[in-house]
Amino acid sequence: MVFSSHLFFFYFLPLVLLVYYASPQRLRHLGLTVFSYAFYGWANPWFVLLMLATTLIDYLCGLWMAGGFRRGEVPLLPTERARSKGQKIALALTVVSHLALLGFFKYFNFAIENYNSLIQTLGLYSWQWDTALRVTLPLGISFYTFQSMSYTIDVYRGDARAIRNFIDFACFVSMFPQLVAGPIIRFSEVADQLRFRTHTAEKFARGIAIFSVGLAKKILLANPCGKVADTVFAAAPASTTDSWYGLGAYSFQIYFDFSAYSDMAIGLGLMMGFMFAKNFDSPYQSASITEFWRRWHISLSTWLRDYLHIPLGGNRHGTARTYANLAIVMLLDGLWHGAAWTFVIWGAIHGGMLVLERLRGKTSYYEKLPLAARARMHRPVVDFPGSYGNPGLQPVHLFYLLSRQRRRPRLGRARRAHVAVLGKNS
Amino acid sequence: MSGTQLTREEVARIELGKTEIRPRLARVMVAVFLATAALPPCLQTAMDVAKQRTAPPAPSADDTQTLATLPNARSLLPRPARWRRVRTLADLAGLVPSARMLRQFEDNLEDSSLATRTLAPWVGWVVKGILHGGDEQTYFGRDGWLFYRPSVDSVTGPGFLTAKWQNERLRTTGKWSSLPQPDPLKALIQFHRQLAARGIALVVVPTLGKETLYPEKLTSRWTDRAAVPQNASFGLFKSALQTAGVNVFDPSTILADMKKSSGEDVYLRTGRPRQWNTWPRNWPPDCASVIWCPRQAP
């Protein structure tokens, strides 16, 4: 069920709002959780078991870490004190279980394909794993895994108080507005809202406005752009001009599509009194790749910064380590987006570009250009085609090439698309 | 949360800045939104219930056909008798509706919806007639020409004899239908042999979409009026069939010549000038005779 579907807009949403506002305060989260599980189970009813299991693990481990099984208010763990062995085990249990599930469901097929390719290359045909088993990726697992992990990590660090009410916690993990396409809501952002939040007509109206903008973005902009991109990328062979046209259309498609889902999620949250942080901030107006990552999918960038980059050492251990950390984070970011080598390359190039900009002090190498021109470097399509003499020589276009990579999970196809874009296909 | 840290609500208030919504406007927005979202399903459900009372639906062999209306959605849930028969975990698992049933229900609900049926023609008119845009099935060409999207895509897309295309075809074939042979060449040659064994000759006549004969109506960039665009694999496909002894009658050259020499339409127009038929079965009689007469000649 997608937000722009008939079933969602005309049946699911009115029913959720009716039940939510008709319920007494203490039952609202229960209703929201039941509807969220129904929303999630609509894609495949069996996936709800997986989400329920991970929710239970995190809930119990959170309480274990915070000593919440005892009576009384659950204490906030002191930030400066060392953690006990039990607390460390509880954290490891949740992190390992989440990563194991994500690894299995998202990367099993990719691993098998690569293993078989390697074995074939080595000529060891009898060693091939010729299994019919192929794993179906549960919807939104990448999002709710990160969201759920943020809870236990925040509790462990002492940034958030563990939650005793299981329904409230299940509501946080499964909340349908942001369940399948983000933004990744961190527990510390909504912990106080789960306890108390206001419901006003003004908030609801703002929710309607933001949801409507998201819906319009999706239907009127993202979908038509996607059709253009589909047509161009299905063509064989595509000319250089067509390839650029398709690339531009795809760049806008991913932005409008992704930001539309975020807008709709934020709008739906507001209708139920939740205030989620914004996820996109005009990323194509960025004047550098560093700035771009501050404006694009903000919830993922900040998640990776706080839960991966900083624990790796951030920029506290010298220049070389800082660059290595940046590269590792971006590689994993790429792999998080999808299980294919193109995503790894996508992450590697972004990591490389971030390192290059860090070498210059977080500025782009074209910083001497006027601001308008710098911004345009990141949105070639806006000025397409006039201002680009030789797109192949402008590394900033790599972003769009990378976007292209994300569309085409097969390396060969992505390579052919790049060749076409660079005008080398004739 | 520490006491000095701002709550999310406070942060949001700061981010909003001076944007304000007056209370009356907020109430109007809420009322309009709720009416827009809730009225169509309420009306639809009332109509469906009334219809069911006057004429209950006939039992259907296909469960999913009975799920087109909301009142019938309860049939997605197992009946009490099935609950009572549950003895094992497998029995319990059998009660869960399949993803396919849910999808079918959603599609039927949308297709049979009063809102869809009322609004879809108007939306189509605005998108195609005014904005000159296409949809899932249509490309809007020049001078009001419409083109069948899958047909155009099959011409402009990758060669259909390439391994990648065939693998993709296998991959994208629905889970519920089987595709025994993704390679049309192998399938046709096999079919030819089977027919030949029974003394029947196979004649393959490739059908032509409008885009092959009127590419200039699809895009102004097509300047070679004599050329007939075909899928990248078409030439190889045709020659391979001929090599295998299969009769292939490709009418593209004849039709292209006819269009060039007489300037006549090689497709029938329907009632509305903008609506053109897609398939060659709608060739005008003159074209059909041009195509078939040479085969009938002694």
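These numbers come from a predicted model, not from an experiment. (Residues numbered from 1 in each chain as written. Chains lettered and ligands numbered in written order. Predicted model: local features only at pLDDT ≥ 70, side-chain atom pairs only at ≥ 80, totals over all residues.)

1. Digging into the overall build of chain B
Across its full length, chain B holds 14 helices and 4 strands. For chain B, the proportion of its 298 residues judged to be buried stands at 15%. Nonlocal contacts in chain B, meaning residues at least 24 apart in sequence, comprise 57% of its contacts between residues at least 6 apart. (Helix = DSSP H or I, 4+ residues; strand = E, 2+ residues; numbered from the N terminus. Buried ≥ 20, exposed ≤ 12 C-beta atoms within 10 Å, placed from the backbone. Contact = placed C-beta atoms within 7 Å.)

2. Overview of helix α2 (residues 23-54) of chain B
Given a rise of 1.5 Å per residue, 32 residues ought to cover 46 Å, and the 46 Å separating the end C-alpha atoms of α2(B) matches this to within 8%. The largest bend along α2(B) reaches roughly 35° and is located at A38(B), with the proline P40(B) sitting one to four residues downstream. Turning to α2(B), its buried residues number three or more, namely A26(B), M29(B), F33(B), P40(B), P41(B) and Q44(B). Residues of α2(B) that are buried in the fold lie against α1 (6-22) and α8 (201-234) of chain A together with α6 (114-130) of chain B. (Expected span 1.5 Å × (residues − 1). Bend = angle between axes of the 7 residues up to and from the residue.)

3. Some details on the interface of chain B and chain A
Residue-level contacts link 33 residues of chain B with 26 residues of chain A. Going through the elements one at a time, α1 (8-16), α2, α5 (99-111), α6 and α7 (149-156) of chain B are the ones with two or more residues in the side of chain B that touches chain A. Among the elements that take part in the side of chain B that touches chain A, α2(B) stands out by supplying 11 residues, more than any other. Residue classes in the side of chain B that touches chain A are distributed as 21 nonpolar, 6 polar and 6 charged. (Nonpolar A, V, L, I, M, F, W, Y, C, P; charged D, E, K, R; others polar.)

4. Details of the domain arrangement of chain A
Residues and elements named next belong to chain A. Looking at the assigned domains, one finds that chain A contains domain 1 (6-196) and domain 2 (204-421). In this assembly, 22 residues from domain 1 lie in contact with 19 residues from domain 2. Put simply, the parts of the chain that give the side of domain 1 that touches domain 2 at least two residues each are α1, α4 (85-122), α5 (141-157) and α7 (187-195). Here the side of domain 1 that touches domain 2 is built from residues that sort into 13 nonpolar, 6 polar and 3 charged. (Domains from an automatic or database assignment.)

5. Section: helix α9 (residues 240-271) of chain A
Residue and element names in this part refer to chain A. The terminal C-alpha atoms of α9, which comprises 32 residues, lie 46 Å apart, in line with the 46 Å expected from a rise of 1.5 Å per residue. Counting buried residues along α9, 26 of its 32 residues qualify, which places the element largely inside the surrounding structure. Looking one or two residues past α9, G273 carries a phi angle of roughly 90°, positive in sign.

6. Regarding the nonpolar core
F12(A), F39(A), Y40(A), M65(A), V155(A) and L179(A) are the most contacted members of the largest nonpolar core, which has 104 residues in total. It is α9(A) that provides the largest number of residues to this core, a total of 16 residues. When residues are assigned to domains, this core turns out to be shared by domain 1 (6-196) and domain 2 (204-421) of chain A, each giving three or more. Setting aside residues no more than four positions away along its own chain, V155(A) makes contact with G62(A), M65(A), A66(A), L77(A), A160(A) and A162(A). L146(B), V152(B), V155(B) and L218(B) belong to the second-largest nonpolar core, a separate cluster that totals 6 residues. (Core = buried A, V, L, I, M, F, W, Y, C linked by C-beta atoms within 7 Å.)

7. So, the environment of L101(A)
Residue and element names in this part refer to chain A. With respect to the secondary-structure elements, L101 resides in helix α4. For L101, a count of 17 C-beta atoms within 10 Å corresponds to the partly exposed category. Residues L101 and T145 lie 44 residues apart in sequence; the distance between their C-alpha atoms is 8.8 Å.

8. Some points on the packing of helix α3 (residues 47-66) of chain A against α4(A)
All names here are of chain A. Contact pair α3 / α4: the axes reach a minimum separation of 8 Å and the direction vectors enclose 165°. The pairing of α3 with α4 is recorded here as roughly antiparallel in orientation. As α3 runs across α4, the sense of the crossing is left-handed. In contact with T54, I57, D58, C61, W64 and M65 of α3, α4 contributes G86, Q87, A90, L91, L93, T94, S97, H98 and L101. Of the residues belonging to the contact of α3 with α4, the class tally is 8 nonpolar, 6 polar and 1 charged. (Axes fitted to C-alpha atoms, helices over the stretch in contact; angles between N-to-C directions. Parallel < 35°, antiparallel > 145°, perpendicular 65-115°, else oblique. Left-handed = near helix turned anticlockwise from the far one by under 90°.)

9. Things to note about the confidence of the model for chain B
Residue and element names in this part refer to chain B. The pLDDT averaged across chain B works out to 75; a share of 73% of its residues lies at or above 70. Low confidence marks residues 61-68, where pLDDT is under 50. Its contacts with residues over four positions away, or in another chain, come to 18 contacts. Counted against residues more than four places away or in other chains, residues 291-298, with its pLDDT under 50, gives 3 contacts. Our summary of model confidence lists the complex with pTM equal to 0.77 and ipTM equal to 0.77. (pLDDT = per-residue confidence, 0-100.)

10. Some thoughts on the packing of α8(A) against α9(A)
All names here are of chain A. Their axes nearest at 6 Å, the elements α8 and α9 cross at an angle of 160°. Relative to α9, the element α8 is oriented roughly antiparallel. The handedness of the crossing between α8 and α9 is left-handed. Class assignment for the residues of the contact of α8 with α9 results in 25 nonpolar, 8 polar and 7 charged.

11. Topic: the confidence of the model for chain A
When pLDDT is averaged across chain A, the result is 81; 83% of the residues are at 70 or more. Within the model, the stretch residues 378-409 of chain A combines pLDDT values under 50 with 59 contacts to residues more than four positions away or in other chains.

12. Observations concerning the environment of F105(A)
Within the fold, F105(A) resides in helix α4. When residues no more than four places from it in sequence are discounted, the contact partners of F105(A) are V135(A), L137(A), P138(A) and I141(A).

13. Let's talk about unusual backbone geometry
Residues and elements named next belong to chain A. For S282, which is not glycine, the phi torsion reads 45° and is therefore positive. Looking at the secondary structure, you find S282 in the loop between α9 and α10 (289-295). If you check the backbone angles, H297 has positive phi at about 45° while not being a glycine. Position of H297 among the secondary structure elements: in the loop between α10 and α11 (298-309).

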